[in-house]
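Fold and contact review
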Amino acid sequence: MQARQTSPSKQTGSTSAPSTARETVNARLVDNLGVTPAEFQRFFDRLKTEVAAGNRKALANMVHYPLGVGGSEIKVFTRADFLTHYDSIFTPSVVAAVRDQAYETLFVRDTGAAFGDGLLWVSGSCMDSGCARRALKVIAVNPPDDERTVQPPTAVRPSAGKDVLLGNSLPEGAPGSSGPCRELPPVTGSITVAGSVPPDDVHCYRLVGHSGQTVHIELKSLNTGFTIEPLADNRSDRTFKAKNQPYDILLGQTLRSVSDDYYEMRVTVRCAPGTLTARGPGFCPRCPPSPCWPTGWRGWDAASRPLAPGRP
């Protein structure tokens, strides 16, 4: 998440005539953020309007996720997270900073444009994998320490029970990009994996996907997110359609911490309509149980070719 940034109380050249100050800001927007002054002016005006009106639903669409909330253990991965924690993000000081910010005194650098000496930052966010499309978004909010009135959520503790697997009990497979990955068992339905990740460590779990499967991953924790390259980056939940390939799920702490963070990760696999989740009577005994088999087929031979209906 975006680290807290600071800006000087006065922008260089802010004592010049307003027209000169505006030209300076315009030039910095083009050079540092790659946006046109007209584009930024529209976002600037809309942000001030929505903040003044307290229109949290509109503001939720103007935020880049995950949103950095400086000095806070609040996780804002989704629009729902933002709406839940809105009052702890747009505190009175942040609202006043946006309301009172003049275009001519904006502080602009390569990481973004600052409102109110760094209480809120705006920058261009990539809207696709190749960053061919960019859009202005709020990328970080830094409420003052004395205005954080909402307590962070209670840390998740691993549950006991036969339906919860301890992550360190799973076998290690081939190393991934961040070290050894523990192999998740074939999933038909849901499984939950529990563990705790240290501040400077990454836990890796490998899920073998199959075409026809829809995978949903939900992570419950205080300070941990998961990444699946290139599908998800620092998320708490993600749904995707699987292919015939392995997926490495990397878990790491989002914010700076000095203690281990407990988590529970629930992995749910569903098959698309018109497919089956298990072999059932009449299916080839060599077929593994985890992929989704199309209905009407009796099974596959050793070369993964469909067998004609009625063959054993």
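Residues numbered from 1 in each chain as written. Predicted model: local features only at pLDDT ≥ 70, side-chain atom pairs only at ≥ 80, totals over all residues. Heavy atoms only, no water.

Turning our eyes to something else, we now look at the overall build of the protein chain. Regarding its fold elements, the protein chain presents six helices and 18 strands. With 312 residues in all, the protein chain has 43% of them scored as buried. Sequence separation of 24 or more characterises 60% of the internal contacts of the protein chain that already satisfy a separation of 6 or more. Total accessible area on the protein chain is roughly 16000 Å²; 52% of this is exposed by carbon and sulfur atoms. (Helix = DSSP H or I, 4+ residues; strand = E, 2+ residues; numbered from the N terminus. Buried < 20%, exposed > 50% of the residue type's maximum accessible area, 1.4 Å probe, protein only. Contact = heavy atoms within 4.5 Å. Areas by Shrake-Rupley, 256 points an atom, 1.4 Å probe, with all protein chains shown as cover.)

Helix length check: helix H2 (residues 37–53) (17 residues) gives 24 Å between terminal C-alpha atoms against 24 Å at 1.5 Å per residue, within 8%. Listed as buried for H2 are Phe 40, Phe 43, Phe 44, Leu 47, Lys 48, Glu 50 and Val 51. Looking at the residues trailing H2, positive phi occurs at Gly 54, about 65 degrees. (Expected span 1.5 Å × (residues − 1).)

Now for the nonpolar core. Core analysis: the biggest nonpolar cluster contains 35 residues, and Phe 40, Leu 47, Phe 82 and Leu 120 have the highest contact counts within it. The residues touching Phe 82, leaving out its near neighbours within four places in the chain, are Arg 56, Leu 59, Ala 60, Val 63, Tyr 65, Leu 67, Val 76, Ile 89 and Phe 90. Residues Leu 219, Phe 226, Tyr 247 and Tyr 263 belong to the second largest nonpolar core, which totals 23 residues. (Core = buried A, V, L, I, M, F, W, Y, C linked by side-chain atoms within 4.5 Å.)

Scanning the entire structure with this criterion turns up nine aromatic pairs. Pairing Phe 82 with Tyr 86 gives two aromatic rings, centres 5.7 Å apart and planes at 80 degrees, and the pair type is edge-to-face. We note that Phe 82, like Tyr 86, is buried. Put simply, the rings of Phe 40, Phe 44, Tyr 103 and Phe 115 touch in pairs and so form one group of aromatic residues. (Phe/Tyr/Trp six-rings, centres within 6.5 Å; stacked < 30°, edge-to-face > 60°.)

Checked against the element boundaries, Thr 227 lands in strand S12 (residues 224–228). Separated by 3.4 Å, the side chains of Thr 227 and Asp 233 make a polar contact. A polar atom in the side chain of Thr 227 sits 3.1 Å from the backbone nitrogen of Asn 234. Filtering out sequence-adjacent residues up to four positions away, Thr 227 remains in contact with Ala 232, Asp 233, Asn 234, Asp 248, Ile 249 and Leu 250. (Polar contact = N/O pair within 3.5 Å; in protein donor to acceptor, adjacent residues only side chain to side chain.)

To continue, consider the pattern of salt bridges. Scanning all chains against the criterion turns up eight salt bridges. The salt bridge partner of Arg 22 is Glu 104, with a shortest N-O separation of 3.0 Å. Of the two residues, Arg 22 sits in helix H1 (residues 18–33) while Glu 104 sits in the loop between helix H6 (92–100) and strand S2 (107–109), which places them 82 residues apart along the sequence. Overall, the relative accessible area of 30% leaves Arg 22 in the partly exposed class. Residue Arg 182 pairs with Glu 172 through a salt bridge whose shortest N-O separation is 3.5 Å. Taken together, the residues Arg 182 in strand S8 (residues 179–183) and Glu 172 in strand S7 (residues 172–176) connect sequence positions 10 residues apart. (Salt bridge = Lys/Arg side-chain N within 4 Å of Asp/Glu carboxyl O.)

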